[in-house]
Amino acid sequence: MGDAGMSPMGTSGAATLASSLGLRSVALFELVWVLGMVAMMFPAMIPIVLFYNKAVTRLEPNPARARVVGTPLFLAGYIGLYAGLGLVIYVAAFLAYAVLLPALPAVGLIAPSVVLVVAGAYQVSPLKSRCLSQCVSPIGFFAAHSHRGLLGGFRMGASHGVYCVGCCWAYMVVMFVVTAMSLPFMAVLAGVIALEKVVARGAVWYTRAVGAGLAALGVASLFAPQIVALLSAGM
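Residues numbered from 1 in each chain as written. Predicted model: local features only at pLDDT ≥ 70, side-chain atom pairs only at ≥ 80, totals over all residues. Heavy atoms only, no water.

**What about the overall build of the chain?**
Phase 1 of the analysis: Check the secondary structure of the chain and you find ten helices and zero strands.
Phase 2 of the analysis: Starting at the N terminus and ending at the C terminus, the chain contains elements arranged as α-α-α-α-α-α-α-α-α-α.
Phase 3 of the analysis: Here the chain holds 235 residues, and 46% of them are scored as buried.
Phase 4 of the analysis: Here the analysis covers contacts within the chain between residues at least 6 apart in sequence; of these, 80% occur between residues at least 24 apart.
Phase 5 of the analysis: Accessible area for the chain stands at about 11000 Å²; split by element, carbon and sulfur atoms hold 75% of it. (Helix = DSSP H or I, 4+ residues; strand = E, 2+ residues; numbered from the N terminus. Buried < 20%, exposed > 50% of the residue type's maximum accessible area, 1.4 Å probe, protein only. Contact = heavy atoms within 4.5 Å. Areas by Shrake-Rupley, 256 points an atom, 1.4 Å probe, with all protein chains shown as cover.)

**Structural notes on the packing of aromatic side chains**
Phase 1 of the analysis: The final tally for this structure, using the stated rule, is twelve aromatic pairs.
Phase 2 of the analysis: Between Trp205 and Tyr206 the ring centres are 5.7 Å apart and the planes differ by 85°, which places this aromatic pair in the edge-to-face class.
Phase 3 of the analysis: Looking at Trp205, the relative accessible area reads 60%, which means it is exposed.
Phase 4 of the analysis: Here the aromatic residues Phe51, Tyr52, Phe74, Phe141, Phe142 and Tyr163 are joined through ring pairs into a cluster of three or more. (Phe/Tyr/Trp six-rings, centres within 6.5 Å; stacked < 30°, edge-to-face > 60°.)

**Some thoughts on the confidence of the model for the chain**
Phase 1 of the analysis: This prediction gives the chain a mean pLDDT of 86; 88% of its residues lie at or above 70.
Phase 2 of the analysis: Residue range residues 1-11 is modelled with pLDDT below 50. Its contacts to residues more than four positions away, or to other chains, number 37 contacts. (pLDDT = per-residue confidence, 0-100.)

**Here we look at the nonpolar core**
Phase 1 of the analysis: Core analysis: the largest hydrophobic core is formed by 59 residues, its most contacted members being Trp33, Tyr82, Met172, Met175 and Phe176.
Phase 2 of the analysis: Once residues within four sequence positions are removed from consideration, Met175 is found in contact with Trp33, Met37, Met40, Ala180, Met181, Phe185, Met186 and Leu189. (Core = buried A, V, L, I, M, F, W, Y, C linked by side-chain atoms within 4.5 Å.)

**Regarding a nonpolar patch on the surface**
Phase 1 of the analysis: Together, Leu109, Ile110, Val114, Val117, Val118, Val219, Leu222 and Phe223 make up an exposed nonpolar region whose accessible area comes to about 750 Å².
Phase 2 of the analysis: For the nonpolar patch, the element with the most residues is helix α4 (residues 105-122), which contributes five residues.
Phase 3 of the analysis: Examined against the element boundaries, Val117 turns out to sit in helix α4.
Phase 4 of the analysis: Overall, the relative accessible area of 32% leaves Val117 in the partly exposed class. (Patch = residues over 30% accessible without salt bridge, like charges linked within 9 Å, V, L, I, M, F, W, Y side chains within 5 Å. Salt bridge = Lys/Arg side-chain N within 4 Å of Asp/Glu carboxyl O.)

**Things to note about the side chain of His145**
Phase 1 of the analysis: Its location among the elements puts His145 in the loop between α6 (138-144) and α7 (149-178).
Phase 2 of the analysis: Residue His145 is classed as buried on the basis of its relative accessible area of 15%.
Phase 3 of the analysis: If we skip the residues at most four places from it in the chain, His145 touches Gln134, Met156, Ser159 and Tyr163.

**Topic: the packing of α7 against helix α8 (residues 183-199)**
Phase 1 of the analysis: Orientation of α7 relative to α8, taken along the N-to-C sense of each, is 155°, at an axis distance of 11 Å. By the criterion of interaxial angle, the relationship of α7 to α8 is roughly antiparallel. α8 is crossed by α7, and the crossing has right-handed handedness. For the pair α7 and α8, contact is made by Cys164, Cys167, Cys168, Tyr171, Met172, Val174 and Met175 and by Phe185, Met186, Leu189, Val192, Ile193, Glu196 and Lys197, respectively.
Phase 2 of the analysis: Taken together, the residues of the contact of α7 with α8 break down into twelve nonpolar, no polar and two charged. (Axes fitted to C-alpha atoms, helices over the stretch in contact; angles between N-to-C directions. Parallel < 35°, antiparallel > 145°, perpendicular 65-115°, else oblique. Left-handed = near helix turned anticlockwise from the far one by under 90°. Nonpolar A, V, L, I, M, F, W, Y, C, P; charged D, E, K, R; others polar.)

**Quick look at the side chain of Ser113**
Phase 1 of the analysis: Within the secondary structure, Ser113 sits in helix α4.
Phase 2 of the analysis: Since its relative accessible area comes to 4%, Ser113 is described here as buried.
Phase 3 of the analysis: Of the polar contacts made by the side chain of Ser113, one reaches the backbone nitrogen of Leu222; its length is 3.4 Å. (Polar contact = N/O pair within 3.5 Å; in protein donor to acceptor, adjacent residues only side chain to side chain.)

**Some points on the pattern of salt bridges**
Phase 1 of the analysis: Under the criterion given, the structure shown has one salt bridge.
Phase 2 of the analysis: Measuring nitrogen to oxygen at the nearest pair gives 3.1 Å for the salt bridge that ties Glu196 to Lys128. With a gap of 68 residues between them, Glu196 in helix α8 and Lys128 in helix α5 (residues 126-135) connect regions that are remote in the sequence. Here Glu196 and Lys128 have matching classes, each one buried.

**Re α8**
Phase 1 of the analysis: Across its 17 residues, α8 extends 23 Å between first and last C-alpha, which sits within 8% of the 24 Å expected from 1.5 Å per residue.
Phase 2 of the analysis: Of the residues making up α8, those classed as buried are Phe185, Met186, Leu189, Ala190, Ile193, Ala194, Glu196 and Lys197.
Phase 3 of the analysis: Note on α8: the residue one or two positions beyond its end, Arg201, has a positive phi of about 50°. (Expected span 1.5 Å × (residues − 1).)

What follows is the structure in structure tokens.
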């Protein structure tokens, strides 16, 4: 994805990823997107999935069935929200490349920088803090969003997915628009998210440090566009 020159918005790889609204193209992207999300988010999801599997299922009339069936349904509800986010990003990117940028090509030159700065600013927003607080405390989350039955497992997974998307959507936009889903960057991002949720546990100093880093990278890329090319080529 990093073997061509810069496109008007981000890299040529990102443009290729959102090249068509055909069913085949969208379905292939969604498959790659969901697999990527599972790989990236799994380290940060381990605590809440284990808590559901070991503690929440004990409250069910049939704990064994809840563990065997309810846990996959919980994950399905969670992953479904990220699949929805991927679809929104894909359609928005396609419209930008196909409609907006041909009419306003200058916008594309600064779009990666703007995305990075916006992602950095979102790190210190109240909404980010609210969503992140629901991601770092399994006990607190299940106390506020408890539902019984197998359908309840799916609903809890979807509810957690809402908060997780609310916490991490800006990261994902950076991953798509700026780095064209570069595998090395995805690995770095997985580490950033895992540290944010599992180690730092939503600490203000950490979210602010990440936000400052993203914003600084965005400003720097305005003056040195090759930074975006390096990121999309695998840093």
